[in-house]
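Structure assessment
Listed here are the chains, written in short residue letters.
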Amino acid sequence: MKNRISVTVNGQQRAAEVEPRTLLVHFLRDSLRLTGTHVGCDTTSCGACTVLLDGQAVKSCTVLAVQADGHAVTTIEGVATDGKLHPVQEAFWNEHGLQCGFCTPGMIMASIALLDRLPRPTDDQIRSGLEGNLCRCTGYENIVKAVRVASGQTATP
Amino acid sequence: MIPAAFDYAAPTSLEEAISLLQQHGDEAKLLAGGHSLLPLMKLRLAVPSFVVDLGRIPDLAYIREDGNRIAIGAMTTHDALQSSQLLQQRVPLIAQAAGMVGDMQVRNRGTIGGSIAHADPASDLPAVVTALKGEIVARGPNGTRTIPAEDFFQDIWTSVLEPEEVVTEIRVPAADNALQTYEKFRQRSADWAIVGVAVDITRQNGAVSQASVVLTNVGPTPMRATGVEEALQGRPATAETIAAVAARADEGLEPSGELKASREYKLHLTRVLTRRALEAVLLR
């Protein structure tokens, strides 16, 4: 049995036939070829697959594509506008908020959701807000710094 | 990891959902936020042939005052519980504990109804709702029934819910100046509790007039620390009383050891966390 779904992805209406068991992350990566969203642990732990579902950060390895039917999804490919990086992307770049880069798309999506709720977070709020995102390079210091800079605060508290 | 194939329906009314459950019986599973069910399905520990998604049924996510109780719709997310001003003021235990579930992304999807129905002894909200002496509202083919949380949890992942019943609402008493807190110990952030302690206490004229203390992950269901509750009754809350009372928190418990924590360690944590929880509400 396949289900027809229609999801607004990065502002564009995208329709597809999916099996009910298709995970949102596989719909994005395999059906839409949006491979910026990464599969890390595949067990709802690491956050590499974080996307925004109706503006809220979710782990797309733990959402069925059929659950997103009729909803809006934003992936890392959708955050820059007119070739200009999103302020969070810009800050990760400038503050070296990445090493190998594997966790970065998820880190950035989670950071965008965090700043949407807390426009000027404290370091503690940044760290607890990002506790669902793991960086195996352990580059957390610069990630926190990047989020701080993206929120208009100085690089050091 | 991909779940085994299943058929899927997203009904738009509770009646329709219940009728699907009647048709498919034990083969069907209800999907709420999916943060307990989908991981189990990906590991093929759960292999339902039919999934009924509750996400398209309107009006199942709400938090409202209903006399001296707060009614919480089953599809209310942990994030909504955590950020509800009504809960923060009148049932702080739920708001606080919900904020300690998983991480931001998990709290955006996971729901109170799903957590209660899943009946995982390591989940936080079953102990919290039991400590609050809350009620679970379930609807089935024969109508609605209200089950005290105390009677709801039967065993690991097992509740008194019938296969064709849906949890629709959680009701908890509202309290002004409630002395409530949740202590949770975990090895890594976003983990399940190794041990958790939910406390709800009423104090009159300096002495404890009512105490409810319920533990997470030290038995097959939320475990009530009856010894602690009785020992606190009528006592003035001093540091000495609390230390003596908390030492009894592990009475009668037989938790199973697990990878991260031996039986002895869990009993130790139970005593320590109970003392911390009681100190937090009674000595502040």
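None of the values given here were measured: they were computed from a predicted structure.

Details of the overall build of chain A
When its secondary structure is counted, chain A shows five helices and five strands. Listing the helices and strands of chain A from first to last along the sequence gives β-β-α-β-β-β-α-α-α-α. Relative to the compact-globule value of 15 Å for 157 residues, chain A shows a C-alpha radius of gyration of 15 Å, a close match. Taken along its principal axes, the extent of the C-alpha atoms in chain A is 55 × 30 × 25 Å. Within chain A, contacts between residues at least 6 apart in sequence are counted, and of these 53% link residues at least 24 apart. The average position of the 14 basic charges and that of the 15 acidic charges among the side chains of chain A differ by 3 Å.

Side note on the domain arrangement of chain A
Residue and element names in this part refer to chain A. Per the domain assignment, the segments making up chain A are domain 1 (3–77) and domain 2 (87–150). The centre of domain 1, based on its C-alpha atoms, is set 21 Å off from the matching centre of domain 2. Counting each side, the surface lost to burial between domain 1 and domain 2 is near 1100 Å², with a carbon and sulfur contribution of 65%. Its largest share of buried area at the contact with domain 2, domain 1 owes to His38, Thr50 and Ile76, together 40% of the area lost on that side. Linking domain 1 to domain 2 there are five residue pairs in polar contact (both at pLDDT 80 or more). In terms of residue class, the side of domain 1 that touches domain 2 is built from seven nonpolar, nine polar and one charged.

Looking at a nonpolar patch on the surface
Together, B:Met1, B:Leu43 and B:Leu45 give the surface a local cluster of nonpolar side chains, amounting to about 310 Å² of exposed area. Structurally, the position occupied by B:Met1 is in the segment before strand 1 (7–9).

A few points about the packing of helix 3 (residues 104–117) of chain A against helix 5 (residues 140–150) of chain A
Residues and elements named next belong to chain A. The contact between helix 3 and helix 5 brings their axes to 11 Å, and the two run at 40°. By the angle between their directions, the pair helix 3 and helix 5 is classed as oblique. You can see that helix 3 and helix 5 cross each other, and the crossing is right-handed. Taken together, the residues of helix 5 that come into contact with helix 3 (itself represented by Met107, Ser111, Leu114 and Leu115) are Tyr140, Ile143, Val147 and Ala150. Here the contact of helix 3 with helix 5 is built from residues that sort into seven nonpolar, one polar and no charged.

Structural notes on the interface of chain B and chain A
Residue-level contacts link 31 residues of chain B with 32 residues of chain A. Both faces combined, the contact of chain B with chain A buries some 2500 Å², and carbon together with sulfur accounts for 53% of it. Where chain B packs against chain A, one counts four salt bridges. Here A:Glu131 ties to B:Arg107 by a salt bridge, and the two come within 3.8 Å at their closest N and O atoms. Taken together, the links from chain B to chain A amount to 14 residue pairs in polar contact (both at pLDDT 80 or more). Where the side of chain B that touches chain A is concerned, the elements lending two or more residues are strand 1, helix 2 (37–42) and helix 6 (104–109) of chain B. By residue number, the principal contributor to the side of chain B that touches chain A is helix 6 of chain B, which donates six residues. Among the residues forming the side of chain B that touches chain A, the class breakdown is 14 nonpolar, seven polar and ten charged.

Some thoughts on helix 5 of chain A
Residue and element names in this part refer to chain A. Every buried residue belonging to helix 5 is among Ile143, Val144, Ala146, Val147 and Arg148, and all of these are buried. Close packing links the buried residues of helix 5 with helix 2 (87–94), helix 3 and helix 4 (123–129). Of the residues flanking the end of helix 5, it is Gly152, one or two places downstream, whose phi is positive at about 85°.

Overview of the packing of aromatic side chains
As enumerated under the stated definition, the model contains one aromatic pair over all chains in all. Sitting over the ring of B:Tyr62, B:Arg64 keeps its end group 3.8 Å from the ring centre.

A closer look at the packing of helix 2 of chain A against helix 3 of chain A
All names here are of chain A. The N-to-C vectors of helix 2 and helix 3 enclose an angle of 125°; their axes lie 10 Å apart at closest approach. Between helix 2 and helix 3, the interaxial angle falls into the category oblique. Considering how the two elements wind past one another, helix 2 and helix 3 form a crossing that is right-handed. Contacts from Val88, Gln89 and Phe92 in helix 2 reach Thr104, Met107, Ile108, Ser111, Ile112 and Leu115 in helix 3. The residue inventory of the contact of helix 2 with helix 3, partitioned by class, reads six nonpolar, three polar and no charged.

Cut-off values and rules
Per chain, residue numbering runs from 1 following the sequence as it is written. Chains carry letters from A onward and ligands carry numbers from 1 onward, assigned in written order. Two thresholds apply to this predicted model, a pLDDT of at least 70 for residue-level local features and 80 or more for giving and counting side-chain atom pairs, whereas whole-chain, interface and lining totals are computed over all residues. Think of the side-chain values as coming from all heavy atoms in the structure, minus any hydrogens and water. Each helix is a run of DSSP H or I of at least 4 residues and each strand a run of E of at least 2, with the numbering of both proceeding from the N terminus. As defined in this context, the radius of gyration uses C-alpha atoms, and a globule is described by 2.2 Å times the residue total to the power 0.38. Throughout, a residue-residue contact means that at least one pair of heavy atoms, one from each residue, lies within 4.5 Å. In summary, the charge assignment counts Lys and Arg as positive and Asp and Glu as negative, without counting His or the chain termini. Here the site of a charge means NZ on Lys, CZ on Arg, CG on Asp, or CD on Glu. Boundary definitions for the domains trace back to an automatic or database domain assignment. Buried area is calculated as the accessible area (1.4 Å probe) missing from two parts once they are joined, with the contributions of both summed. Here a polar contact is recorded for every N or O atom pair within 3.5 Å, except that within protein the pair must consist of a potential hydrogen donor and a potential acceptor, and residues adjacent in sequence are included only if both atoms are side-chain atoms. In this classification, Asp, Glu, Lys and Arg are treated as charged, Ala, Val, Leu, Ile, Met, Phe, Trp, Tyr, Cys and Pro as nonpolar, and every other residue, Gly included, as polar. Patch membership requires over 30% relative accessible area and the absence of a salt bridge. Like charges are linked within 9 Å, and nonpolar side chains (Val, Leu, Ile, Met, Phe, Trp, Tyr) within 5 Å. Areas reported here follow the Shrake-Rupley algorithm with a probe of radius 1.4 Å; residue values treat only the protein chains shown as occluding. Salt bridge criterion: a side-chain nitrogen from Lys or Arg within 4 Å of a carboxyl oxygen from Asp or Glu. A fitted line through C-alpha atoms serves as each axis, taken over the contacting stretch for helices, and the angle formed by two N-to-C directions is quoted from 0 to 180°. Angles below 35 degrees are treated as roughly parallel, those above 145 as roughly antiparallel, those between 65 and 115 as roughly perpendicular, and all remaining angles as oblique. Two helices cross in a left-handed way if the nearer one is turned anticlockwise from the farther one by less than a right angle. They cross in a right-handed way if the turn is clockwise. Exposure categories follow from relative accessible area, calculated using a 1.4 Å probe and restricted to protein chains: below 20% of the type maximum is buried, above 50% is exposed, and the middle band is partly exposed. The rule is short: rings of Phe, Tyr and Trp, with Trp giving its six-membered ring, pair when the centres are within 6.5 Å, and they are stacked under 30 degrees, edge-to-face over 60, tilted in between. In this analysis the charged atom, NZ for Lys or CZ for Arg, is taken to sit over a ring once it is within 6 Å of the ring centre and within 35 degrees of the ring normal.

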